[in-house]
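Chain residues, written in single-letter form:
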Amino acid sequence: MAEDDIKEKVLNDLRSLRGKLDPEILREVELRMNGQVPYDKESARKTVELFLHARHDQGAFAEKVLKALKDKDQEKDSK
């Protein structure tokens, strides 16, 4: 088998495998390979909740922020 034939077979195999992968996973891998970290909404929300929990205002500011986030999510979903 010639070197070009082997190369073409490997490329075809890679194309076939890529077609079977979840596009969201591929997008995340590409971002990470380029040094970017995809936005993780759930992790961001937990981080904000931990920050707000440390405040000493009996949760007033936390409720305001979480309501704003929820409203923004609902607005985004309605579009």
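Residues numbered from 1 in each chain as written. Predicted model: local features only at pLDDT ≥ 70, side-chain atom pairs only at ≥ 80, totals over all residues. Heavy atoms only, no water.

**Here's the deal with the overall build of the protein chain**
So, point 1. Scanning the protein chain from terminus to terminus reveals 4 helices and 0 strands.
So, point 2. The order of helices and strands in the protein chain, counted from the N terminus, is α-α-α-α.
So, point 3. Each principal axis of the C-alpha distribution contributes one length, and for the protein chain these read about 75 × 30 × 15 Å.
So, point 4. Carbon and sulfur atoms make up 56% of the accessible area of the protein chain, which amounts to about 7500 Å² in all.
So, point 5. Side chains of the protein chain carry 17 positive and 18 negative charges; the gap between the two charge centres is 5 Å. (Helix = DSSP H or I, 4+ residues; strand = E, 2+ residues; numbered from the N terminus. Areas by Shrake-Rupley, 256 points an atom, 1.4 Å probe, with all protein chains shown as cover. Lys, Arg positive; Asp, Glu negative; His and termini not counted. Charge placed at Lys NZ, Arg CZ, Asp CG, Glu CD.)

**Remarks on the layout of surface pockets**
So, point 1. Volume-wise, the largest pocket comes out at about 230 Å³.
So, point 2. The wall of the largest pocket is formed by Tyr39, Lys41, Ala44, Arg45, Val48, Leu69, Lys72, Asp73 and Lys76.
So, point 3. For the lining of the largest pocket, the secondary-structure elements that each account for two or more residues are α3 (41-53) and α4 (60-78). (1 Å grid on protein atoms, 1.4 Å probe; cavity = no way out; pocket = protein on both sides within 12 Å on 5 of 7 lines; lining within 4 Å. Points joined across faces, edges and corners; volume = space filled by probe spheres on them.)

**Some details on helix α2 (residues 23-33)**
So, point 1. By the N-cap criterion, in which a side-chain oxygen at the helix start approaches the backbone nitrogen of a residue two or three places on, α2 is capped by Asp22, the distance to Glu24 being 3.0 Å.
So, point 2. Two residues or fewer past α2, Gly35 is found with a positive phi of approximately 80°. (Polar contact = N/O pair within 3.5 Å; in protein donor to acceptor, adjacent residues only side chain to side chain.)

**Considering the confidence of the model for the protein chain**
Interpretation of this model should avoid reading the predicted coordinates in detail wherever pLDDT is low.
So, point 1. When pLDDT is averaged along the protein chain, the result is 83, and 96% of the positions lie at 70 or above.
So, point 2. α3 is the least confidently modelled element of the protein chain, averaging 81 in pLDDT, while helix α1 (residues 3-20) averages 89, the highest of any element. (pLDDT = per-residue confidence, 0-100.)

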